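Architecture and fold: a report
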Amino acid sequence: MRDAPELIAIARIIKPRGIRGEVVADALTDRADRWTDLQRLRVETPRGESFDLELERARVSGHQVLLLFRSCRTRAEAERLRGSWVKAPPDPSPSPDPDTFYHYQLLECTVRTTSGETVGRVHDVLETGGVPLLEVIGQDGHHHLIPFATTICPTVDVAARLIVIDPPEGLLELNRSDASL
């Protein structure tokens, strides 16, 4: 199995909340208890800055989490975090479901069809509120969005870095887009 990265994204800050420095973030983990033991988190801003912040409080609300950092006490400070990735060490506990995967396990996996045609490599996993989408970039530079559903992705072998897909007719052409778009 691929080694876990040092830090993985667990949330993305979308906006400030209130005037006391709290932020609203889209959670990239579905485990509400994941936030319980976290004390220091890495924040990577859209401007390329990277720094650690001490977490004072986290409150889960649906697919979002409200975060308050000890050194972020004003709305202006919270506004500077907009669009930032919040990163932490990977969850050390194994998934209770063998068909559940962490995003980092899927990244850079080769995607092939059941007939053996290479589609490309997984560039990103997009959470849509429904079935996650694999963003696959082919050697030709085209992007494909492939639903990460067992009917379409019947074989996932993270140890071999391979995902075998059985796409419905027209899926690869429908979701195909040029990287330059």
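See above for the structure.
Notes on the structure in this doc start here. (Residues numbered from 1 in each chain as written. Predicted model: local features only at pLDDT ≥ 70, side-chain atom pairs only at ≥ 80, totals over all residues. Heavy atoms only, no water.)

1. A closer look at the layout of surface pockets
Convention followed: The pocket and cavity definitions rest on a 1 Å grid over protein atoms only: a 1.4 Å probe that fits but cannot leave marks a cavity, an open set with protein on both sides within 12 Å along at least five of seven lines marks a pocket, and residues lining either have an atom within 4 Å of a point. Grid points are joined across faces, edges and corners, and a volume is the space filled by probe spheres set on the points. Secondary structure is summarised from DSSP: a helix means a run of H or I of at least four residues, a strand means a run of E of at least two, and numbering begins at the N terminus for each.
If you add up the space inside the second largest pocket, you get close to 200 Å³. If you trace the second largest pocket, you find 11 residues lining it, with Glu 117, Thr 118, Val 119, Asp 140 and His 144 closest to the centre. When contributions to the lining of the second largest pocket are tallied by element, the ones reaching two or more residues are β8 (118-126) and α3 (171-174). Per-element tally for the lining of the second largest pocket: the top contributor is β8, with three residues.

2. So, the sheet that holds strand β4 (residues 50-61)
Let me state the cut-off plainly: Strand pairing requires that DSSP identify at least two bridges connecting the strands. Simply put, an axis is a line fit to the C-alpha atoms, just over the touching stretch for a helix, and the angle between two N-to-C directions goes from 0 to 180 degrees.
Pairing is antiparallel around the closed barrel formed by six strands, whose spatial order is β1-β2-β5-β4-β3-β6. Here the average twist between neighbouring strands, direction ignored, is 45°.

3. Some points on the environment of Val 43
Basically, it comes down to this: Residue contacts are defined here by distance: any two heavy atoms, one from each residue, within 4.5 Å place the two residues in contact.
You can see Val 43 is positioned in strand β3 (residues 40-44). Sequence spacing of Val 43 and Trp 85 is 42 residues, and the spatial spacing of their C-alpha atoms is 5.7 Å. In this structure, Val 43 is in contact with Glu 49, Ser 50, Phe 51, Leu 53, Phe 69, Leu 81, Ser 84 and Trp 85, ignoring residues within four places of it in sequence.

4. A short note on the nonpolar core
Test applied: The set of buried Ala, Val, Leu, Ile, Met, Phe, Trp, Tyr and Cys residues whose side-chain atoms join them within 4.5 Å is what this entry labels a nonpolar core. A 1.4 Å probe rolled over the protein chains alone gives each residue an accessible area, and that area as a share of the maximum for its type sets the label: buried under 20%, exposed over 50%, partly exposed in between.
Residues Ile 10, Trp 35, Leu 41, Leu 67, Phe 69 and Leu 81 are the most contacted members of the largest nonpolar core, which totals 22 residues. In terms of residues, this core owes the most to one element, strand β1 (residues 8-17), which gives four residues. Apart from residues lying up to four places away in sequence, Leu 67 is in contact with Gly 21, Glu 22, Val 23, Ala 25, Trp 35, Leu 55, Arg 57, Ala 58 and Val 86. Membership of the second largest hydrophobic core comes to 18 residues, among which are Leu 106, Val 119, Phe 148 and Ile 152.

5. Things to note about the side chain of Lys 87
So the rule is basically this: Here a polar contact is recorded for every N or O atom pair within 3.5 Å, except that within protein the pair must consist of a potential hydrogen donor and a potential acceptor, and residues adjacent in sequence are included only if both atoms are side-chain atoms.
Mapped onto the elements, Lys 87 comes out in strand β6 (residues 85-88). A polar contact is formed between the side chain of Lys 87 and the side chain of Glu 44, at a distance of 3.0 Å. Those residues in contact with Lys 87, other than ones at most four positions away along the chain, are Leu 7, Ile 8, Ala 9, Ile 10, Leu 41, Arg 42 and Glu 44.

Spatial relationships are all this shows, so hold off on functional conclusions.
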